[in-house]
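# Observations on the three-dimensional arrangement
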Amino acid sequence: MPESKGRAKATYTPPQRKAKAAQVGNPVWFAPVMVVLLVLGLLWIVTFYVTQGSYPVPSIGYWNLAIGIVLILGGFGFAMRWR
C-alpha cells in the first residue's frame, strides 16, 4: 500500500500580545458620590411618604418621587462605571 507524503508544516508562532494599558481605578470621590446619591434618593422618597407630602418640597407634590428616582438612577449610573 502506498504511503502519503508528509506535509511540511510551519512552526507554530503565537500571536504577539499587545501591551496592556495600566488599568486606572476610579478617583477617590467616585464611590462616596455613588453611595450618597443612592442614599439621598432613598431618603427623599421615604421622607415624602412618611410626611404625607409635606416635605421635602411640598409645592411640587408627586414630582418629589421623580426627584428621588432620578437621584437613585444617578447612583446606579455611577455604580455601572465603578471599577
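Everything numeric in this text was worked out from a predicted model, so none of it was measured. (Residues numbered from 1 in each chain as written. Predicted model: local features only at pLDDT ≥ 70, side-chain atom pairs only at ≥ 80, totals over all residues. Heavy atoms only, no water.)

### Re helix H1 (residues 30–50)
Rules: Here a strand is any run of E in DSSP of at least two residues, a helix any run of H or I of at least four, and the numbering for each starts at the N terminus. Expected helix span is taken as 1.5 Å per residue step, with the number of steps being one fewer than the number of residues. Remark: exposure states derive from per-residue accessible area (1.4 Å probe, protein chains only) relative to the maximum for the residue type, with buried under 20%, exposed over 50%, and partly exposed in between. Directions pointing from the helix axis toward each C-beta atom define the arc. By definition in these notes, contact holds between two residues if any of their heavy atoms fall within 4.5 Å.
Under the 1.5 Å per step criterion, the end-to-end length of H1 is 30 Å for 21 residues, consistent within 8% with the ideal 30 Å. Inspection of H1 places Phe30, Met34, Leu37, Gly41, Ile45 and Phe48 among the buried residues, and these make up the whole buried set. Viewed end-on, H1 has its buried residues packed into an arc of 80°, placing them on one side of the element. Opposite its buried face, H1 presents the exposed residues Val36 and Val50, each directed more than 90 degrees away. Lining the buried residues of H1 we find helix H2 (63–81). Just downstream of H1 lies glutamine 52, where phi reads positive at about 55°.

### Things to note about a nonpolar patch on the surface
The line we're drawing: Distance thresholds for patches are 9 Å for like charges and 5 Å for nonpolar side chains (Val, Leu, Ile, Met, Phe, Trp, Tyr), applied to residues having over 30% relative accessible area and no salt bridge. Each accessible area is a Shrake-Rupley estimate made with a 1.4 Å probe; only the visible protein chains count as cover when residues are assessed. Salt bridges are defined as contacts in which a side-chain nitrogen from Lys or Arg sits within 4 Å of a carboxyl oxygen from Asp or Glu.
A surface patch of nonpolar side chains, about 250 Å² in accessible area, is lined by Val35, Val39 and Leu43. Take valine 39: it is sitting in helix H1.

### A word on unusual backbone geometry
In this structure, proline 56 follows tyrosine 55 across a cis peptide bond, with omega equal to -5°. Tracing the chain through its elements places proline 56 in the loop between H1 and H2. Although it is not a glycine, glutamine 52 sits at a positive phi angle of roughly 55°.

### Thoughts on the packing of aromatic side chains
In plain terms, the rule: Stacked, tilted and edge-to-face are the three classes applied to pairs of Phe, Tyr and Trp rings, where Trp contributes its six-membered ring and a pair requires centres within 6.5 Å; stacked means planes under 30 degrees apart, edge-to-face means over 60, and tilted covers the rest.
Applying the stated criterion to the full structure yields five aromatic pairs. With centroids separated by 5.7 Å and ring planes inclined at 65°, the aromatic side chains of phenylalanine 48 and tyrosine 49 adopt a geometry described as edge-to-face. Classification of tyrosine 49 as exposed rests on a relative accessible area of 53%. With centroids separated by 5.5 Å and ring planes inclined at 70°, the aromatic side chains of phenylalanine 48 and tyrosine 62 adopt a geometry described as edge-to-face.

### Observations concerning the packing of H1 against H2
Quick note on the threshold: Axis geometry follows a simple rule: fit a line to the C-alpha atoms, using only the stretch in contact for helices, then measure angles between N-to-C directions, giving values from 0 to 180 degrees. Oblique is the label for any angle not under 35 degrees, not over 145, and not in the 65 to 115 range, which are roughly parallel, roughly antiparallel and roughly perpendicular in turn. In this scheme the handedness of a crossing depends on how the near helix is turned from the far one: anticlockwise by less than a right angle means left-handed, clockwise means right-handed. Here the term charged refers only to Asp, Glu, Lys and Arg, the term nonpolar to Ala, Val, Leu, Ile, Met, Phe, Trp, Tyr, Cys and Pro, and the term polar to all other amino acids, Gly among them.
Where H1 contacts H2, the two axes come as close as 8 Å, and the packing angle between them is 160°. As the angle between them shows, H1 and H2 are arranged roughly antiparallel. H2 is crossed by H1, and the crossing has left-handed handedness. For the contact of H1 with H2, the per-class residue count stands at 19 nonpolar, five polar and one charged.

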